[in-house]
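Remarks on the overall topology
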Amino acid sequence: MVAYITMWRWSCWFIVIMLIFESGSKMAESMRFDMHSGETKCISEDVKADTMSVGSYSIVDPIKGDPNVTVRFFGLQVTSPHGVSYHYGDKVEKGTFAFTASENGPYSACFCSPLHKPPLTTIVEFDWRSGVEARDWSNVAKKGNIEAMEIELRKLSVTVRNVHAEMYYLRDREEEMQELNLSTNSEMAIMGFLSLVVCVSVAGLQSWHLRNYFERKKLL
């Protein structure tokens with residue numbers, strides 16, 4: 001038990017170090033992808049409860065001289081793990097969304113390109129950030145006239161709070177997995193016992209049947 005607690009503490013410290021290291025690294029850049037007419041593409045982001053999440057999307061200007069890149073609008077819907085809609089856009093070229101997650105789990109952003117004959121292509125640029133990355137630190141610095149060092153300290157402070165919440169989230173997930181393992185082991189033990197009872201019963205019936213069969217043979 002002591003060894004398990006020690007291993008868990010070292011794992012938590014490793015997560016803390018990795019998250020702080022990531023906070024000082026470069027922010028994730030936006031993605032760009034192609035969509036054919038009539039096609040739907042969904043992108044998922046794992047967001048924790050009470051975490052800010054922001055996103056922006058736009059159609060990239062079509063390449064001049066390319067007749068296949070001409071569709072100028074699409075549809076987008078952002079939903080929670082249980083299907084609650086946080087953002088909806090129909091026949092849009094660009095836009096933004098922002099929300100605070102109400103539950104843990106994968107949130108989905110689904111893009112839908114309209115049907116067109118002949119098939120055409122839309123180039124979409126999408127940027128989705130959550131947690132520390134969702135904050136616009138440049139605007140914070142401008143509004144508060146804050147020095148660069150103080151901005152970094154604020155980033156680390158927010159990161160530490162997120163790490164603290166992440167540790168509690170991982171602990172809760174670990175408890176859920178332990179309960180699942182215990183229930184699975186109990187069910188497997190019950191199934192194993194029932195299988196053993198069935199096998200012994202079948203063996204006993206076969207033995208009884210064979211004995212009666214040979215006794216009748218002797219009488220004949």
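Predicted model, so just to flag it, every value in this text is computed and none were measured.

Conventions we followed
- Residues numbered from 1 in each chain as written.
- Predicted model: local features only at pLDDT ≥ 70, side-chain atom pairs only at ≥ 80, totals over all residues.
- Heavy atoms only, no water.
- Pairing = 2+ DSSP bridges.
- Helix = DSSP H or I, 4+ residues; strand = E, 2+ residues; numbered from the N terminus.
- Axes fitted to C-alpha atoms, helices over the stretch in contact; angles between N-to-C directions.
- Disulfide = S-S within 2.5 Å.
- Salt bridge = Lys/Arg side-chain N within 4 Å of Asp/Glu carboxyl O.
- Buried < 20%, exposed > 50% of the residue type's maximum accessible area, 1.4 Å probe, protein only.
- Polar contact = N/O pair within 3.5 Å; in protein donor to acceptor, adjacent residues only side chain to side chain.
- Core = buried A, V, L, I, M, F, W, Y, C linked by side-chain atoms within 4.5 Å.
- Contact = heavy atoms within 4.5 Å.
- pLDDT = per-residue confidence, 0-100.

1. Regarding the sheet that holds strand β8 (residues 121-130)
Reading across the sheet, the four strands line up as β1-β8-β3-β6 and stay open at both edges, with antiparallel pairing between neighbours. Each of the sheet's edge strands pairs with one partner strand only, and the pair in question is β1 (31-36) and β6 (94-100). The sheet shows a mean angle of 20° between the axes of neighbouring strands, taken without regard to direction. Both β1 and β8 contribute to a ladder of six bridges, which runs antiparallel. Pairing of Met 35 across the sheet is with Thr 122, part of β8.

2. Notes on the state of the cysteines
Within the structure shown, the criterion is met by one disulfide. Residue pairing for Cys 42: its cysteine sulfur links by disulfide to Cys 110, the two sulfurs lying 2.0 Å apart. In this structure, the disulfide formed by Cys 42 and Cys 110 twists by about 110° around the S-S bond and is classed as right-handed. Of this pair, Cys 42 sits in strand β2 (residues 40-47) while Cys 110 sits in strand β7 (residues 105-112); the two residues are 68 residues apart in sequence, bridging distant segments of the chain. No disulfide involves Cys 112; its nearest neighbouring cysteine sulfur is the one of Cys 42, lying 9.3 Å away.

3. Overview of the sheet that holds β7
Ordered in space as β2-β7-β4-β5, the four strands form an open sheet in which the pairing is antiparallel. Lying at the two open borders of the sheet, with one neighbouring strand each, are β2 and β5 (85-92). The sheet shows a mean angle of 10° between the axes of neighbouring strands, direction not considered. Examined bridge by bridge, β2 and β7 share eight bridges and lie antiparallel to one another. Bridged to Lys 41 within β7 is Phe 111.

4. Considering the pattern of salt bridges
When the charged atoms of two side chains with opposite charge come close together, those side chains can pair. Evaluated as defined, the whole model comprises four salt bridges. Here Arg 173 and Glu 176 are joined by a salt bridge, their closest N and O atoms 3.5 Å apart. Highlighted residues: Arg 173 and Glu 176, both in helix α3 (residues 148-219), separated by three residues, approximately one helical turn. Overall, Arg 173 belongs to the partly exposed group, its relative accessible area being 39%.

5. Quick look at unusual backbone geometry
Residues other than glycine seldom take positive phi values, yet Asp 50 does so here, at roughly 65°. Position of Asp 50 among the secondary structure elements: in the loop between β2 and β3 (52-59). The backbone phi angle of Lys 91 is positive, close to 55°, even though this residue is not glycine. Structurally, the position occupied by Lys 91 is in strand β5. Its relative accessible area of 61% is what places Lys 91 among the exposed residues.

6. Considerations on the side chain of Arg 129
Assignment of secondary structure puts Arg 129 in strand β8. Side-chain polar atoms of Arg 129 contact the side chain of Asp 127, separated by 3.0 Å.

7. Details of the nonpolar core
Tyr 57, Phe 74, Phe 111 and Phe 126 are the most contacted members of the largest nonpolar core, which has 19 residues in total. Secondary structure elements with two or more residues in this core: β1, β2, β3, β4 (74-79), β6, β7 and β8. If sequence neighbours within four positions are ignored, Phe 111 has contacts with Phe 33, Met 35, Glu 39, Thr 40, Lys 41, Ile 43, Tyr 57, Phe 74, Gly 75, Leu 76, Val 124 and Phe 126.

8. Considering the confidence of the model for the protein
Taken as a whole, the protein shows an average pLDDT of 76; of its residues, 71% reach a score of 70 or greater. The least confident element of the protein is helix α1 (residues 2-24), whose mean pLDDT is 49; the most confident is β7, at 91. Below a pLDDT of 50 lies the segment residues 1-6, which in the model reaches two contacts outside its immediate sequence neighbourhood of four places, other chains included. Below pLDDT 50 for its whole length, residues 19-28 participates in 13 contacts with residues either more than four positions away or in separate chains.

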